[in-house]
Each structure stands twice: as structure tokens, then as C-alpha cells.
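# Analysis of the macromolecular model
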Amino acid sequence: MKFYTTDTEKQAIYYRKEQKVYEYARKFFKEMVPYLNWRPYYINDEILPLYCFDETEEIIRSLTQGKDTYITGGALEMGERQFVIRIGLDTQNDRLSPKLKRTIRHEIIHYVLWLANHKNKDDELDFWCYCYVFDGGAYESLTSEDQNKYEMFIKMYDKHLKELVENQRSYAVDTVIRCLDEKNIEMEEFEKVVKQCAADPYGTYNMTF
């Protein structure tokens, strides 16, 4: 790690904060993986390609390139099957703010959906739905069709799935999202699917729509 500051205390703050980021990120990664890990593939929840960087370095790089914005975090595809998550840290304090925690969740959601070959871009329905479940702060616009589906999802999630215990909810959520992906469906019919998933979450994998 290259520091643009020689302030020893700021460097110490950075290293403490970095360890907190890694701890929080690993914990959230393990929380989300089961939502996708019951399909016929396996995601190793011990391997998380995440690293931190000094925001000061990013700001200086942006300024030297004549830019007026800089990136505080990102999920980057590298080639066909490689991925890296970058999280920017400041050295004002070593606290993980709510904003920083949300950034971490946001980028890990990208990564887990990418591993599972789900729609994982900022403007895609699957990503928005999982951001709702995990408060990941999706922000790019959906198409009007996907926006309607997303609104159906959040209504039915809050009504029927939110209060399920974690291991049941993880099975049901993916099936509900898959239903929205695979079928043009009206609210009444969709609610029947969601109710079925809530009543028998472990039997949802073989559902056809």
C-alpha cells in the first residue's frame, strides 16, 4: 500500500479500518452465499477477492488526469471468470460508517450474483431485488417492465418472505426472483407463487413457471 501521507496515526487508522472492512465483508459474504448456493453449483464462502485502497491516492490520481470525480468502491470483471472488489478508505477515523457498510454490501451483491450467473449489473432486476433484501443501495434506473416487477417483488417480499427464518428465506427469495425473470406475470398470480414459496421454501427449487 502506497500512502500519500507520512502521518503515522493516519496510517494506523487506515490499517485498523482495513481489518474491520475485511471482517465485515467476510461476514456479509457468508450471509449472502446461501441464497444462491443451493443450486447445482458451489460457491466457496471463504474466497472473497476484495482489497482496500487509500481514497487519497484515488483523489490525487483523478486530479492528475483532469477528472472532477473519483471512485470510492467498485466491482470489476477481469477477463471471463475473474473478479475483484475495490473498497476505498479515508483516514479521518477507523469507524465503518453506514455508508461504507452499504458500499461493501453493494459490491459483494454484484460479486455473488456474478458467481451464480445471475443478472448482476446495476440496472438489472436481480441485482435490485437482492439490494432490497440486503440494503445494498441500487441506484441505476430499471426498464419500465423491470421497475414494475421490482415493485411487485418488494410488496410480496415484505408481506410474505421478510419474516421467514434466514435459511427458509434464502431458498424462497431466489425462486421468487427467478419467477419474475422467466415469466410475465400479474400480481395475483405472482402472490400465489410467493405464498407457495413461503409455505414450502425447501420445495421451491423444482418449481416451473
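What comes next is a walk through the structure. (Residues numbered from 1 in each chain as written. Predicted model: local features only at pLDDT ≥ 70, side-chain atom pairs only at ≥ 80, totals over all residues. Heavy atoms only, no water.)

### Some details on unusual backbone geometry
The phi torsion at asparagine 117 lies on the positive side, around 60°, for a residue other than glycine. Using a relative accessible area of 70% as the deciding quantity, one classes asparagine 117 as exposed. For aspartate 135, which is not glycine, the phi dihedral falls at a positive 50°. Mapped onto the elements, aspartate 135 comes out in the loop between α4 (125-134) and α5 (144-161). (Buried < 20%, exposed > 50% of the residue type's maximum accessible area, 1.4 Å probe, protein only. Helix = DSSP H or I, 4+ residues; strand = E, 2+ residues; numbered from the N terminus.)

### Some points on the pairing of strand β1 (residues 50-54)
Counting buried positions along β1 yields 4 of 5 residues, so the element is predominantly enclosed. Two elements, β1 and strand β3 (residues 83-89), share 5 bridges in a ladder whose sense is parallel. What sits directly across from tyrosine 51, in β3, is arginine 86. (Pairing = 2+ DSSP bridges.)

### Comments concerning α4
Residue pairs three or four apart in sequence face the same way in an α-helix, which turns once every 3.6 residues. Burial of α4 is extensive: 9 of the 10 residues sit out of reach of the surface. Among all positions of α4, only Leu125, Asp126, Phe127, Trp128, Cys129, Tyr130, Cys131, Val133 and Phe134 are buried. Buried residues along α4 sit against α1 (8-32), α3 (98-115), α5 and α6 (166-182). A positive backbone phi angle near 50° is found at aspartate 135, which sits one or two residues after α4. (Contact = heavy atoms within 4.5 Å.)

### A closer look at the pattern of salt bridges
Going through the model one piece at a time under the given rule, you end up with 13 salt bridges. Close ionic contact of lysine 30 with glutamate 46 constitutes a salt bridge, the shortest N to O distance being 2.5 Å. In this pair, lysine 30 is assigned in helix α1 and glutamate 46 in the loop between α1 and β1, connecting sequence segments 16 residues apart. A residue is classified by how much of its surface remains accessible, and glutamate 46, at 55% relative accessible area, is exposed. Taken together, the shared-partner salt bridges in this structure form one network comprising Glu9, Arg16, Lys20 and Asp94. (Salt bridge = Lys/Arg side-chain N within 4 Å of Asp/Glu carboxyl O.)

### Re the side chain of aspartate 174
Position of aspartate 174 relative to the elements: it lies in helix α6. For aspartate 174, the side chain forms a polar contact with the side chain of histidine 118, separated by 3.5 Å. (Polar contact = N/O pair within 3.5 Å; in protein donor to acceptor, adjacent residues only side chain to side chain.)

### Describing the packing of α4 against α6
For the pair α4 and α6, interaxial distance at closest approach is 10 Å and the crossing angle is 150°. When the axes of α4 and α6 are compared, the pair comes out roughly antiparallel. Our pair here, α4 against α6, has a crossing hand that is right-handed. Residue-level contacts link Leu125, Asp126, Cys129, Tyr130 and Val133 of α4 to Val173, Asp174, Ile177, Leu180 and Asp181 of α6. For the contact of α4 with α6, the class distribution of residues is 7 nonpolar, no polar and 3 charged. (Axes fitted to C-alpha atoms, helices over the stretch in contact; angles between N-to-C directions. Parallel < 35°, antiparallel > 145°, perpendicular 65-115°, else oblique. Left-handed = near helix turned anticlockwise from the far one by under 90°. Nonpolar A, V, L, I, M, F, W, Y, C, P; charged D, E, K, R; others polar.)

### With respect to the packing of aromatic side chains
The final tally for this structure, using the stated rule, is 13 aromatic pairs. Ring geometry for phenylalanine 83 and tryptophan 114: centres 4.8 Å apart, planes at 45°, overall tilted. Of the two residues, phenylalanine 83 sits in strand β3 while tryptophan 114 sits in helix α3, which places them 31 residues apart along the sequence. Measuring from ring centre to ring centre gives 6.5 Å for tyrosine 130 and phenylalanine 134, while their planes differ by 10°; the resulting arrangement is stacked. Remark: phenylalanine 134 and tyrosine 130 occur in helix α4; sequence separation between them is 4 residues, near one turn of the helix. Through a chain of ring-to-ring contacts, three or more aromatic side chains come together here, namely Trp128, Tyr132, Tyr150, Phe153 and Tyr157. The ring of phenylalanine 53 is capped by arginine 86, whose NZ or CZ atom sits 4.1 Å from the centre of that ring. (Phe/Tyr/Trp six-rings, centres within 6.5 Å; stacked < 30°, edge-to-face > 60°. Lys NZ or Arg CZ within 6 Å of the ring centre and 35° of its normal.)

### Focus on the environment of valine 194
Checked against the element boundaries, valine 194 lands in helix α7 (residues 187-199). Judged by its relative accessible area of 0%, valine 194 falls in the buried class. Setting aside residues up to four positions removed in sequence, valine 194 forms contacts with Met156, His160, Leu161 and Val176.

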